[in-house]
Every structure is written in structure tokens, then in C-alpha cells.
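# Topology and contacts: notes
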Amino acid sequence: ARGDIGAVVGCIRYYGGWADKIEGKTLDIDPNMLHYTRQEPIGVCGQIIPWNFPLLMFAWKIGPALATGNTLIMKTAEQ
């Protein structure tokens, strides 16, 4: 269990580092036009995690969703 908690903490810290690295870019395609990309959240993400390894799976799913500005609905498997 302690190794699982350490892995969860490391996973959340890793994905937490994404939050300030995901950004839009200006593209130099034509000097007479402005081209840019915008990174926007998708919205609500639905995730289902298995019953046999839930804590780390939870971190794998919640980390990227929150780092990119999305909300999350989490459900465990029914078995």
C-alpha cells in the first residue's frame, strides 16, 4: 500500500507539471495573415476505473484531465 501511495503522489506531481507547459502557439505561415492555435479544455471527461487497482488508476485518469482544465466524472467498475 505504501508503494501505491508513493506512485500516486509521483503521478499527480508529473501531471501537475503539465499545467504550465500546455499553451497555444503563433504560426508563421504567411506574412499577411495571423495564424495561431489555442489549447482549450474539452469539458467533462467520463472515466471508468477497475476495482482491483483503483488508486493508481484514479491518478492516471484525474492527473491529465485536471492539468488540461477539464472536469472529471469517475466511476468504478461494477464487478
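Whatever comes next refers back to the structure up there.
Overview of the structure. Every chain is numbered independently, its residues counted from 1 as its sequence is written. Only residues with pLDDT of at least 70 are given local features in this predicted model, and only at 80 or more are side-chain atom pairs given and counted; all residues enter the totals for whole chains, interfaces and linings. Hydrogens and waters are ignored; side-chain quantities use all the structure's heavy atoms.

## Brief notes about the packing of aromatic side chains
Stacked, edge-to-face and tilted are the three classes for Phe, Tyr and Trp ring pairs, Trp counted by its six-membered ring, which pair at centre distances within 6.5 Å; planes under 30 degrees apart are stacked, over 60 edge-to-face, the rest tilted. A complete count under the given rule lists three aromatic pairs for this structure. Taking the centre distance of 5.1 Å and the plane angle of 65° together, the rings of Y14 and Y15 count as edge-to-face. Each residue is assigned to one of three classes by its accessible area relative to the maximum for its type, calculated with a 1.4 Å probe on protein chains only: buried under 20%, partly exposed between the two thresholds, exposed over 50%. When its relative accessible area of 52% is taken as the criterion, Y14 is described as exposed. Here Y14 and W18 contribute two aromatic rings whose centre-to-centre distance is 5.9 Å and whose plane-to-plane angle is 65°, an arrangement assigned as edge-to-face. Through pairs of rings, three or more aromatic residues link up here, namely Y14, Y15 and W18.

## Remarks on helix α1 (residues 2–16)
Helix and strand definitions follow DSSP, with helices as H or I runs of at least four residues and strands as E runs of at least two, each counted in order from the N terminus. To estimate how far a helix should reach, multiply one less than its number of residues by 1.5 Å. Between the first and last C-alpha of α1 there are 21 Å, a value that for 15 residues agrees with the 21 Å anticipated at 1.5 Å per step. The complete set of buried residues in α1 reads V8, C11 and Y15. For α1, the arc enclosing every buried residue in end-on projection is 65°, short of the 170-degree limit, so these residues lie on one face. Residues R2, G3, R13 and Y14 are exposed on α1 and point more than 90 degrees away from its buried face. As for α1, its buried residues are in contact with α2 (54–67). Read the arc as the range of directions from the helix axis to the C-beta atoms. For this analysis, residues touch if any pair of their heavy atoms sits within 4.5 Å.

## Examining the side chain of N70
In this structure, N70 sits in the loop between α2 and β4 (71–76). For N70, a relative accessible area of 7% gives the class buried. Residues adjacent in sequence count toward polar contacts only when both atoms are side-chain atoms; beyond that, a polar contact is any pair of N or O atoms within 3.5 Å, and within protein one must be able to donate a hydrogen and the other to accept it. Reaching out from N70, the side chain makes a polar contact with the backbone nitrogen of G43 at a distance of 2.8 Å. Polar contacts involving the side chain of N70 include one to the side chain of T68, which spans 2.8 Å. Filtering out sequence-adjacent residues up to four positions away, N70 remains in contact with P41, I42, G43, C45 and A65.

## Quick notes on the environment of G24
Counting through the fold element by element, G24 comes out in the loop between α1 and β1 (26–27). Separated by 12 residues in the primary sequence, G24 and Y36 have C-alpha atoms spaced 7.0 Å apart. Non-local contacts of G24, meaning those with residues more than four positions away in its chain, are made with T37, R38 and Q39.

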